[in-house]
Each structure stands twice: as structure tokens, then as C-alpha cells.
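Next come the chains, spelled out residue by residue.
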Amino acid sequence: MAPLKLEGSLWRGLTGTTLGFFFGFSAVALYGPTAAKFREAMDLTPSMVGLLVAIPALTGSLLRIPFGAWVDITGGRKPFLMLLLLSFTGMLGITLLLKFTYPSGMHGMYGLILFFGMLSGCGIATFSVGIGQTSYWFPASRQGMALGIYGGLGNLAPGLFSLILPVFLLHFGFISAYFAWTMFLLCGIVIYWFAGVNSYYFQYKKYGLSENDSRNEAGKMGQQLFPSGNVKSSLLNSAGSINTWKLVLLYFTTFGGFIALTAWFPVYWGDFHGYAPVKAGFYTAIFSLFASAIRVAGGSVADRIGGERASIISLSLVLAGSLLLVLTHTAILEIVSIVILATGMGINNAAVFKLAPRYVPRAIGGAAGWIGGVGAFGGFVIPPILGDIVDAHGKKGYSEGFIIFTILSVISLVVVSRLIRRSPSN
């Protein structure tokens, strides 16, 4: 066989996926800090604000399942570019809408803003694409490290932008911020175009080699993981396992909660405490950055002490942190509370994917799709509920709303304990 020109390496593959996820995830941080502007222009209720800040998570969670499965057919490059382009379209649409209608012409535009928000959220779905693309690059012995770096560093985007965006709003204004984020996303698409590359198996397939030849040649290059060849079967088999849905609940509580609070905290700090946008952004960033950074180490923690024990400890932290936020209203105690909450969510997000191969061993890929997709749906479901609690109870509802995470963490702890009792090793 004549030598074929192959691109990439392990670290270029990881760099491409991490950058793609970082840029795609950036839109989730935009709606929370700017929610007050939309509320003032359209006279929105807290429930409507909650839906507005949550709407990117709707498409960002549901699209994880089909686009994650698409990786097994074409590799990650095409799905990544498609999701980033859809997100760019949404950002461009809402930017143009604001340019020509804000503030006096905004009434009646709520539905259109939600539509563009759904498109913007498509970039969040790059998570499942990057999981697959990264996994195909790295051998099994190094995947925990690679996926920890990918998930942790990519997750930093909302926290970083929670710091930057309020300062940008203060100096350059509301519409300029959306224009700048649109251009930022466009730059991200260009960067991923050059940095993103499929693993060797998919490159050989693109050259026209057969399935067996592509596997053999890629294997010689060091690739160990290959598509199962039956995505539909993997999704159906994993959906038929009760353990899949138990893990979905755990991920719903902590990763869905992470997305929800990243979007909701700017509203909480601003409306409940009256903090200026820059200060509200700083407090939001403490939560988001800490939860993301701790996830990098969370996989190693789960490796050392076991996924079940890591999950129990982390969910107990979520329980403690959420109760403190319900009961305490002083700044110092609230900072302590959000750090505790972030620690628990970050570690459990890593622990869940440690548990998937153990409890759904016959359909790991399909289980990961359901966990990542439906679990992230919490980012869409939870903020409107928080808004409903404010509608029902007034200002004190902002603190009372954290009881949702108390309830979810208790239910999740029960689920983990049941998993342990029915563990394959027991």
C-alpha cells in the first residue's frame, strides 16, 4: 500500500476537541448577565427570565445524543463544525435582532429570542462529540487523564466569561457584547477548522479503505478504540438498563445543576442581593471555575477511591452547600456554600463516567450518550423552576429555590446506595 498522508497526533486531537468544546460552551454564560436587559425591555416575569437563561441548555442537552452518535460514523470533525455553525447562526440572529429592535421594539420578540437562544445552545452539545473524538485518539490507559483535561478545561468557558462579560458590558454596552461574542464564536470555528482532526481510523476510512483495513492500519498507529458499528443497538440496549437512568439522574443533579446555576447565579446575585453586574459575575465565576477545575482532578479521585465512594462524598457536599444557601444570607457564608456546591458538582460529574462502564458494561457508548444528553437537560429544566419559586414566594424565593438541589442530592444519594447494593462485585 502506498503511504497515505495522515494528520494529527494524540495531543493535537485533544487540543482540537478541547478548543471546540470551549468555544461551543461559551454561549451558556451570555444570557444570565444580560437577563436584566431583556427583562426591562420586555417586562418579563421571573419565570420568563428563568426560561430565557435556560433555553440554550435545551438544544445543548438534547442534541448531545444524535451528534454524539454521529461521531461513530464520520468522526468528530463534521459534527463539531455543524454544531458550532448552528451556534454562530443563533448568536448572529440575536445580535441583529437587538441591533434593530432594542429597546423600544422588543415587545413581542420573546419567542424569537428563545428561538435564537436555542440555536446558540447548539454549541453546548459539542461535549458529547468531543468525548467520542478524544476517546478514539487515546489508548484506554490514558483516557481518564485525557477526558479529565478535555471536560475540565472545556468547562472553564462559562466561568471565564462570567468574569469578562460584566466588565465588557460596563465599558462597551449590551449590544456590543453580543456582537463581540458572535465574532468570538466565528474565530472559534476558524480555529477548530485548523486544529480539529479525526483519529486515524476515520482518516483511513476517508481514503476509501475497508473497515478491516482501516482498523488494522489505525491499530498500527496506536489507536485502540473503534466504533462498535451499531450505534442504534448501543443506544437501545443502554436505554433498556435501569442503571443507565440512575446514572442519568446523578448527572442531571450535578452537571445539569452546573449549567443551570451558571446561567441563574447572575440573576440571583443581582436581584436578590442587589450586586452590580461585575460583582455578580465575579461570584458566578467562583462557582463555575471551581466546579470546572475540580472536575479535572475528579477522575483521578474516582480512580483512587472508587466511583461510588467519590459520588457519595460529592453528593453529600452538594447537599450541604445547597442547604447553606437556603439558610444563610451573609456574603462570606454564601461564598463558602458555593465553593462546597461547586466541589461536589465537579467531582460527581467526573465520577459518573467512571461508573458507566461498571454498571452498563454492554453498551458503554450508548449509556454515555443518554447520560450526557438527558443529564445535561437539567440545565434547561431547573432555572424556570427557580423562577417559578420566586414568582410564588417573592424575593425570599431566590434563596428558597436552592432546596431543589437539596432534594435532588438526597434522591441521588439513595440511588447511589442502591447501585452499590446491586454492584456487579457484590
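Provided above is the structure to which this section pertains.
Described below are features of the structure shown in this document. What you see is a predicted model, and the numbers here were worked out from it, not measured in a lab.

**Considerations on the state of the cysteines**
- In the structure shown here, the tally under the stated rule is 0 disulfides.
- In this model C122 remains outside any disulfide bridge; the closest cysteine sulfur is found in C187, 20 Å from its own.

**Considerations on the nonpolar core**
- Ranked by internal contacts, the top residues of the largest apolar core, which has 125 residues, are F38, Y178, L247, F265 and F287.
- Among the elements that line this core, the one with the most residues is helix 14 (residues 242-273), at 17 residues.
- Setting aside residues no more than four positions away along its own chain, Y178 makes contact with L30, Y31, T34, F38, M91, I94, T95 and L98.

**A short note on the packing of helix 1 (residues 10-25) against helix 10 (residues 174-195)**
- Their axes nearest at 9 Å, the elements helix 1 and helix 10 cross at an angle of 165°. By the criterion of interaxial angle, the relationship of helix 1 to helix 10 is roughly antiparallel. Helix-helix and strand crossings are classified by hand; for helix 1 and helix 10 the assignment is left-handed. Residues R12, G16, L19, G20, F22 and F23 of helix 1 form the contact with helix 10, whose own contacting residues are F184, L185, G188, I191, Y192, F194 and A195.

**With respect to the environment of G76**
- Along the chain, G76 falls in the loop between helix 4 (64-74) and helix 5 (77-101).
- Assessed through its relative accessible area of 1%, G76 is described here as buried.
- Look past the residues within four positions of G76 in its chain and what remains in contact with it is V71, V129, Q133, Y192 and N198.

Thresholds applied
In every chain, residue numbers begin from 1 and rise along the written sequence. For a predicted model such as this one, the threshold for reporting local features is a pLDDT of at least 70, and the threshold for listing and counting side-chain atom pairs is 80 or more; totals across whole chains, interfaces and linings nevertheless cover every residue. Side-chain numbers come from the whole structure's heavy atoms, not from hydrogens or water. Any cysteine sulfur atom paired with another within 2.5 Å is treated as part of a disulfide. As used in this record, nonpolar core signifies buried Ala, Val, Leu, Ile, Met, Phe, Trp, Tyr and Cys residues forming a set joined through side-chain atoms within 4.5 Å. Each residue's exposure class comes from its accessible area (1.4 Å probe, protein chains only) as a fraction of the maximum for that residue type: buried when under 20%, exposed when over 50%, partly exposed otherwise. Strands here are runs of E lasting at least two residues and helices are runs of H or I lasting at least four, both read from the DSSP assignment and numbered beginning at the N terminus. Any two residues whose heavy atoms approach within 4.5 Å at even a single point are treated as in contact. Axis definition: a line fitted to C-alpha atoms, limited for helices to the stretch in contact. Angles are taken between N-to-C directions and run from 0 to 180 degrees. Roughly parallel covers angles under 35 degrees, roughly antiparallel covers those over 145, roughly perpendicular covers 65 to 115, and oblique covers all other angles. Crossings are assigned a handedness: left-handed for a near helix turned anticlockwise from the far helix by less than a right angle, right-handed for a clockwise turn.

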